[in-house]
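Each chain, written out:
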Amino acid sequence: MSSYRPRHLAPPAPTAGPASGASRRSVLRGGALGAMALGTGTAALAAPAAQAAGIYGQDVSGWQGEVDWTAQAAAGSRFAYVKATEGRSYRSPAFSHQYTGAGGAGLVRGGYHFARPDSGGPEEQVDFFLNNGGGWTGDGITLPGMVDFEAYSGLPRNYGLGQQEMRDWISAFSIRYRDQAGRRPVIYTNLHWWNDVVGDWTPTNSPLFLASYSSSRPSTLPGRWWGWELWQYSDSGPFAGDSNLWYGSQSQFESFVTDADYDAAGI
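Residues numbered from 1 in each chain as written. Predicted model: local features only at pLDDT ≥ 70, side-chain atom pairs only at ≥ 80, totals over all residues. Heavy atoms only, no water.

Caption draft 1: Examining the pairing of strand β7 (residues 208-211) more closely. Burial along β7 is two-sided: L208 and L210 and F209 and A211, pointing in opposite directions, are all buried. Alignment of strand β6 (residues 186-190) against β7, held across 4 bridges, turns out to be parallel. Across the sheet, residue Y188 finds its bridge partner in β7, namely F209. Traced from β6 through helix α7 (residues 191-198) to β7, the parallel crossover comes out right-handed. With 3 bridges connecting them, β7 and strand β8 (residues 230-234) associate as parallel partners. Paired with L210 across the bridge in β8 is W231. (Buried < 20%, exposed > 50% of the residue type's maximum accessible area, 1.4 Å probe, protein only. Helix = DSSP H or I, 4+ residues; strand = E, 2+ residues; numbered from the N terminus. Pairing = 2+ DSSP bridges. Right-handed = clockwise from strand over helix to strand, strands pointing away.)

Caption draft 2: Representation of the environment of M166 in the model. In this structure, M166 sits in helix α6 (residues 163-181). The class of M166 is buried, set by a relative accessible area of 0%. For M166 and P117, which are 49 residues apart along the polypeptide, the C-alpha to C-alpha distance reads 7.9 Å. Setting aside its immediate chain neighbours within four residues, M166 contacts P117, N158, Y159, L161, W193, V197 and V198. (Contact = heavy atoms within 4.5 Å.)

Caption draft 3: Inspection of the side chain of D242 at higher detail. The residue D242 is located in strand β9 (residues 242-246) in this model. A polar contact of 3.3 Å, which involves the side chain of D242, links it to the side chain of Q232. (Polar contact = N/O pair within 3.5 Å; in protein donor to acceptor, adjacent residues only side chain to side chain.)

Caption draft 4: Examining the pairing of β8 more closely. Within β8, 5 of the 5 residues are buried, which leaves it mostly tucked inside the rest of the structure. With 4 bridges joining them, β8 and β9 adopt antiparallel strand pairing. Its bridge partner being in β9, S234 is matched across the sheet by S243.

Caption draft 5: Quick peek at the pattern of salt bridges. In total, this model carries 7 salt bridges according to the counting rule given. Between R176 and D127 there is a salt bridge, with its nearest N and O atoms 2.7 Å apart. Residue R176 is found in helix α6, and its partner D127 is found in helix α5 (residues 122-130); the two are separated by 49 residues along the sequence. D127 sits in the partly exposed class, given a relative accessible area of 26%. For the salt bridge of R178 with D179, the shortest nitrogen-to-oxygen distance reads 3.0 Å. (Salt bridge = Lys/Arg side-chain N within 4 Å of Asp/Glu carboxyl O.)

Printed below as a string of structure tokens:
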């Protein structure tokens, strides 16, 4: 994925955060307000990718600590993925206040899991993720769970698995999540890791969240994807954490958030 600060490294010790209740206000029906924020939020317009139309958001982890979510929304962020878990035993200490804070500011929010194929089976990791913030419901304010596949510093790039073994691991994770949560998870990765470790293969009906730090939309995609849902275009602003862009329209975003039978755009 990136060279900035690997997601799997332990974040700094958290500070206590406010325990505000999550708002039920959904931004899905606030297309006009979202467009206004994107049109007037100078921070969002400063990013290279922001020259293109779209719905903007971000992803955060313990590295970001306390996030001013009201400011993120004012700058144009409409959604947030929050790191929940890693492997079979690590739960981000920042998850609860980040997740609640994002929802309280009116962002659609969801949890993500950093996959560790070297540490426990896929079914075990799915269950741990679901028990610690990775679930989904079609309530209009919850993103489908996302699973992060990338290299881990200090371990073999392929986690000691052969290409077919890695495909089997990913497929088992996706199926288990679908069976437990009611839909397929989003797959986060980058071109080089996926093509080197997984190869010319993509799991069934899996939305792609692609890391590609560039001023232009990515056109070379990993595996057999021909389109992406989410593009992580920057790790240095405009939003806290990483900045992301949704590929399509407001109605397509609504379908992605609420529809258990959502059809992935690129597979």
